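Observations on the model geometry
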Amino acid sequence: MYTVTLKPNKEKQLIKHHPWVFSGAIDKIEPKFTSGALARVLANDNSFIAYGYYDEKSHIILHLLSWDEKVIPDDSFLVNAIKAAILRRKDHFNKSLDNAFRLIHGEADFIPGLACDVYSSHIKLIISSRYAYNNLDLIKNTLFSLLKPETITVIMDKEYAKAESLPQKILYFDKNGSTDLASSTIRFYESGILYEMENSNSQKSGFYCDQRDNRNIVEAYCKDKVVLDACSYTGAFTLHALRGGAISVDALDASESALRHLLYQIHINEDEGNIPNSSREKVTIKSCDVFEEMRKIEADKYDLMILDPPKLAATKGKLENALRAYKDLNRVAMMKIKNGGLIASFSCSGSVTRELLRQTICYAAADAGCEIQIIRALSAGDDHPIRISFPESEYLKGFIYRVIR
């Protein structure tokens with residue numbers, strides 16, 4: 001085990017259980033680094049702070065794990081953290097028409113760099129830290145032992161793979177070990193709507209169950225509305241809008257294949273009776289640069305717009321440009337929507353706080369020359385808990401607001 005000593009006055013947030021330590025906070029390490037391993041972390045006065053995982057190949061050089069000097073974060077510690085996360089989601093199991101949810105939410109569930117999503121009898125792991133990658137065998141074996149899934153798919157998060165020196169590949173496992181499941185499909189339900197995705201989908205988990213509650217909330221505002229679904233991906237918001245009684249939905253996304261899959265999912269849900277008949281006739285799709293296309297759309301056409309762009313600020317260094325993009329997207333939407341129309345606007349960038357997003361919408365309204373009434377504040381569901389000592393876990397935030405001109 002390494003001994004890591006911090007520079008003076010670098011322990012304040014760590015004592016409050018923030019789990020990240022960057023290289024600039026470290027005074028010395030003994031013995032010399034050779035490979036990732038557990039570390040005993042001390043303040044500059046040699047007082048104990050926590051145990052963590054130290055790895056100089058990681059962009060977050062030290063992840064803190066246990067603040068109890070008597071509890072060393074060994075293999076049994078990790079297994080118990082997985083068990084605890086499962087128990088906290090016990091109410092999400094055994095729901096036949098809502099069987100997609102987040103099982104492990106990274107640092108918020110005390111397991112750095114590991115997101116774990118359940119899709120019916122399948123599990124997808126999204127790895128974004130060397131700690132999670134180096135413990136992958138223990139993680140997947142524990143999940144197979146406890147939950148007996150048909151398959152576990154492991155995806156390296158593209159946003160962090162290079163910074164973490166992780167191999168950019170997808171791994172597939174069944175109960176017998178490594179396998180080739182790239183061509184298989186997974187079917188599951190969320191809120192009574194049927195979804196299908198390819199197991200080989202490498203865009204995060206392939207589905208965003210963090211928006212489950214928000215899709216149901218937005219659906220309630222869609223009756224008799226003309227809807228724009230911007231950055232629609234494979235169309236979960238579109239499907240909810242159709243079930244909610246929308247007159248029509250225009251779906252915009254950069255990915256042509258995602259939009260084609262959106263239409264397929266409309267068909268399978270029509271066949272199952274989950275959405276009204278002839279829903280396909282109400283939907284148009286367009287592959288485009290959504291930010292540019294927003295400037296071209298017809299003014300005063302839409303009653304409701306859904307703005308759900310991809311992560312625009314993966315790091316704090318990209319925050320300023322991201323805020324400009326969020327402001328521009330919302331400003332244009334405010335200028336285009338009908339007077340009195342509703343906009344559901346989201347950010348999934350961890351470095352964009354809820355207050356920053358609200359402030360950005362305020363600035364956009366000033367530039368658009370309109371008034372805004374916020375009628376709902378939105379966030380991820382209870383399977384995506386926010387750890388109070390780790391505010392970065394509140395990455396998804398949004399507002400439904402009314403535009404008054």
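These numbers come from a predicted model, not from an experiment.

**Some points on the pairing of strand 18 (residues 304-307)**
Every second residue of strand 18 is oriented toward a common face, with L304 and I306 on one face and M305 and L307 on the other, all of them buried. The sheet contact formed by strand 15 (residues 226-230) and strand 18 spans four bridges and is parallel. Note that in strand 18 the partner of V227 across the bridge is L304. As judged from the four bridges shared by strand 18 and strand 19 (residues 342-347), these two strands associate in the parallel manner. Bridge pairing in strand 19 links M305 to I343.

**Thoughts on the packing of helix 6 (residues 236-243) against helix 7 (residues 256-272)**
Viewed as axis vectors pointing N to C, helix 6 and helix 7 meet at an angle of 40°, and their least axial separation amounts to 10 Å. Here the hand of the crossing between helix 6 and helix 7 comes out right-handed. On the side of helix 6, the interface is formed by T238, L239 and L242, while helix 7 contributes L262, Q265, I266 and N269.

**Focus: the sheet that holds strand 6 (residues 62-66)**
Spatially, 2-6-5-4-1-3 is the arrangement adopted by the six strands of the open sheet, whose pairing is mixed. Each end of this open sheet is capped by a strand with a single partner; those strands are strand 2 (20-21) and strand 3 (26-30). One ladder, built from two bridges, connects strand 2 with strand 6; its direction is antiparallel. Looking at strand 6, one finds that V21 is bridged to L62.

**Quick notes on the sheet that holds strand 7 (residues 100-105)**
With respect to topology, six strands assemble into an open sheet ordered 7-8-9-10-11-12, the strand pairing being mixed. The sheet is open, and its two edges are formed by strand 7 and strand 12 (177-178), each paired on a single side. Pairing of strand 9 (residues 122-127) with strand 10 (residues 151-156) involves six bridges; the strand directions are parallel. Looking across to strand 10, one finds that I123 is bridged to I152.

**Topic: the packing of aromatic side chains**
As enumerated under the stated definition, the model contains 15 aromatic pairs in all. Seen from their ring centres, Y119 and F207 are 6.3 Å apart, and the 85° between their planes marks the pair as edge-to-face. Placement of Y119 in strand 8 (residues 114-119) and of F207 in the loop between strand 14 (193-198) and helix 5 (212-219) is noted, with a sequence separation of 88 residues between them. Owing to a relative accessible area of 5%, F207 belongs among the buried residues under this scheme. Their ring planes at 70° and their centres at 5.0 Å tell us that F188 and F207 sit as a pair that is edge-to-face. Within this pair, whereas F188 is found in strand 13 (residues 185-190), its partner F207 is found in the loop between strand 14 and helix 5, the two being separated by 19 residues in sequence. Judged by its relative accessible area of 1%, F188 falls in the buried class. Every member of this aromatic cluster is reached through a ring pair, and the members are Y119, F188, Y195 and F207. Sitting over the face of the ring of F173, K140 holds its NZ or CZ atom 4.5 Å from the ring centroid. A cation over an aromatic ring shows up here: R215 above the ring of F237, its NZ or CZ 5.9 Å from the ring centre.

**Side note on the packing of helix 2 (residues 75-88) against helix 4 (residues 136-147)**
Where helix 2 meets helix 4, the axes come as close as 10 Å, and the angle between the chain directions of the two elements is 45°. Classified by the interaxial angle, the pair formed by helix 2 and helix 4 is oblique. Seen from above, helix 2 lies across helix 4 with right-handed handedness. Across the interface between the two elements, D75, L78, V79, I82, K83 and I86 of helix 2 pack against L138, I139, T142, L143, L146 and L147 of helix 4. When its residues are assigned to classes, the contact of helix 2 with helix 4 shows nine nonpolar, one polar and two charged.

**Description of unusual backbone geometry**
Going from E30 to P31, the amide bond is cis rather than trans, its omega being -10°. Positionally, P31 belongs in the loop between strand 3 and strand 4 (37-42). Backbone geometry at Y233 places phi at a positive 50°, although glycine is not the residue there. Positionally, Y233 belongs in the loop between strand 15 and helix 6. Positive phi outside glycine occurs at D300, with the angle close to 60°.

Cut-offs applied
- Residues numbered from 1 in each chain as written.
- Predicted model: local features only at pLDDT ≥ 70, side-chain atom pairs only at ≥ 80, totals over all residues.
- Heavy atoms only, no water.
- Buried < 20%, exposed > 50% of the residue type's maximum accessible area, 1.4 Å probe, protein only.
- Helix = DSSP H or I, 4+ residues; strand = E, 2+ residues; numbered from the N terminus.
- Pairing = 2+ DSSP bridges.
- Axes fitted to C-alpha atoms, helices over the stretch in contact; angles between N-to-C directions.
- Left-handed = near helix turned anticlockwise from the far one by under 90°.
- Contact = heavy atoms within 4.5 Å.
- Phe/Tyr/Trp six-rings, centres within 6.5 Å; stacked < 30°, edge-to-face > 60°.
- Lys NZ or Arg CZ within 6 Å of the ring centre and 35° of its normal.
- Parallel < 35°, antiparallel > 145°, perpendicular 65-115°, else oblique.
- Nonpolar A, V, L, I, M, F, W, Y, C, P; charged D, E, K, R; others polar.

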